[in-house]
Amino acid sequence: MPESQTAELKEVIPNKGMLFQEETSTYVLCKPKLMPLKSVTLEKLEKMQKEAEEKVKKQMDNSHLETK
């Protein structure tokens with residue numbers, strides 16, 4: 001084929017056979033989520049323990065004052 005002539009390409013659509021397209025999964029990026037350093041149940045347990053320690057301390061102070 002001489003260089004002066006341009007080649008034309010014709011589209012060919014098959015009448016028979018299978019036509020498929022390969023799909024690949026991609027990652028979807030989303031905003032990062034902040035995770036608490038302590039869980040809610042751990043915070044509740046610490047709060048209950050602190051309250052119990054305060055009660056014991058109050059009772060110790062009250063019993064200490066009564067004996068004097």
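The structure reproduced in this document is the subject of the present report. Just so it is clear, the model here is predicted, and its values are computed rather than measured.

## Topic: the overall build of the protein chain
A count of helices and strands for the protein chain gives 1 helix and 0 strands. Across the 68 residues that make up the protein chain, the buried fraction comes to 0%. Surface exposure of the protein chain reaches about 8600 Å², of which carbon and sulfur atoms provide 58%.

## Some thoughts on the pattern of salt bridges
Tallied over the full model, the rule gives 1 salt bridge. With its nearest N and O atoms 3.1 Å apart, the salt bridge here joins Glu46 to Lys38. Judged by its relative accessible area of 35%, Glu46 is partly exposed. Judged by its relative accessible area of 39%, Lys38 falls in the partly exposed class.

## Focus on the environment of Lys38
On the secondary structure map, Lys38 appears in the segment before α1 (40–67). Separated by 3.1 Å, the side chains of Lys38 and Glu46 make a polar contact.

So, how was this worked out
Residues numbered from 1 in each chain as written. Predicted model: local features only at pLDDT ≥ 70, side-chain atom pairs only at ≥ 80, totals over all residues. Heavy atoms only, no water. Helix = DSSP H or I, 4+ residues; strand = E, 2+ residues; numbered from the N terminus. Buried < 20%, exposed > 50% of the residue type's maximum accessible area, 1.4 Å probe, protein only. Areas by Shrake-Rupley, 256 points an atom, 1.4 Å probe, with all protein chains shown as cover. Salt bridge = Lys/Arg side-chain N within 4 Å of Asp/Glu carboxyl O. Polar contact = N/O pair within 3.5 Å; in protein donor to acceptor, adjacent residues only side chain to side chain.

The quantities given are spatial measurements derived from coordinates; they are silent on function.
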